[in-house]
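For reference, the chains in residue letters:
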Amino acid sequence: MANVFPADFAALEPFADWAVQGEKARYAKRVASTMEELQAFYDVAFPLLEKGAGYLETVSLDGIGEADKHLLWAFCSLVTVAFPVEAWGQPRVPDSGPAGIDAVVEPAV
């Protein structure tokens, strides 16, 4: 089986399903996940964030490879789950009822 992420980020492989393209899809995954799932992903991804950001700064978006694209999307998902893990203790925004978000414009990657 091929790796989803660059080799230096093999620890993220069990969380390949968090490499989700698009903010709306990442938000939907977040609210459909349990806090245990969010926490497990966060616990592995957050310590890799600084290394990942440094690595991704060296990658050209022109012709970006699939593994690098998946790494970028996984770290975008980390941003999406960070506040629920760090502050709310639940996938949804507290006291927000049925509110949601819709990204009108987002990067094409």
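A brief report on the enclosed structure follows.

Rules and cut-offs
Residues numbered from 1 in each chain as written. Predicted model: local features only at pLDDT ≥ 70, side-chain atom pairs only at ≥ 80, totals over all residues. Heavy atoms only, no water. Phe/Tyr/Trp six-rings, centres within 6.5 Å; stacked < 30°, edge-to-face > 60°. Helix = DSSP H or I, 4+ residues; strand = E, 2+ residues; numbered from the N terminus. Buried < 20%, exposed > 50% of the residue type's maximum accessible area, 1.4 Å probe, protein only. Axes fitted to C-alpha atoms, helices over the stretch in contact; angles between N-to-C directions. Parallel < 35°, antiparallel > 145°, perpendicular 65-115°, else oblique. Left-handed = near helix turned anticlockwise from the far one by under 90°. Contact = heavy atoms within 4.5 Å. Nonpolar A, V, L, I, M, F, W, Y, C, P; charged D, E, K, R; others polar. Expected span 1.5 Å × (residues − 1). Bend = angle between axes of the 7 residues up to and from the residue. Salt bridge = Lys/Arg side-chain N within 4 Å of Asp/Glu carboxyl O.

Let's talk about the packing of aromatic side chains
Inference 1: Applying the stated criterion to the full structure yields 6 aromatic pairs.
Inference 2: Here Phe 9 and Phe 75 contribute two aromatic rings whose centre-to-centre distance is 6.5 Å and whose plane-to-plane angle is 85 degrees, an arrangement assigned as edge-to-face. Of this pair, Phe 9 sits in the segment before helix 1 (23-32) while Phe 75 sits in helix 4 (residues 66-88); the two residues are 66 residues apart in sequence, bridging distant segments of the chain. In terms of burial, Phe 9 and Phe 75 fall into one category: buried.
Inference 3: Ring-pair connections join several aromatic residues into one group, and the members of that group are Phe 9, Tyr 55 and Phe 75.

Some points on the packing of helix 2 (residues 35-45) against helix 4
Inference 1: Across the interface, helix 2 lies against helix 4 with an axial gap of 9 Å and an inter-helix angle of 120 degrees. What the angle tells us is that helix 2 and helix 4 run oblique. Between helix 2 and helix 4 the crossing geometry is left-handed. Counted together, Met 35, Leu 38, Gln 39, Phe 41, Tyr 42 and Ala 45 of helix 2 and Ala 74, Phe 75, Ser 77, Leu 78, Val 81, Ala 82, Pro 84, Val 85 and Glu 86 of helix 4 form the full contact between these two elements.

Examining the packing of helix 1 against helix 4
Inference 1: Between helix 1 and helix 4, the least distance of the axes is 10 Å, while the angle of their chain directions is 40 degrees. One finds that helix 1 runs oblique with respect to helix 4. Relative to helix 4, helix 1 is oriented so that their crossing is right-handed. Contact residues: helix 1 offers Glu 23, Arg 26, Tyr 27 and Arg 30, while helix 4 offers Trp 73, Cys 76, Ser 77, Thr 80, Val 81, Pro 84 and Trp 88.
Inference 2: Considered class by class, the residues forming the contact of helix 1 with helix 4 number 6 nonpolar, 2 polar and 3 charged.

As for helix 4
Inference 1: The end-to-end C-alpha separation of helix 4 is 33 Å, in line with the 33 Å expected for 23 residues at 1.5 Å each.
Inference 2: Within helix 4, the axis deviates most sharply at Val 81, by approximately 40 degrees, and proline Pro 84 lies no more than four positions further along.
Inference 3: Downstream of helix 4 by one or two residues, Gly 89 has phi in the positive range, about 70 degrees.

Quick look at the pattern of salt bridges
Inference 1: Considering all chains together, one arrives at 3 salt bridges under this definition.
Inference 2: Between Lys 69 and Glu 66 there is a salt bridge, with the nearest N and O atoms lying 3.3 Å from each other. One end of the pair is Lys 69 and the other is Glu 66, both in helix 4 and 3 residues apart, which spans about a single turn.

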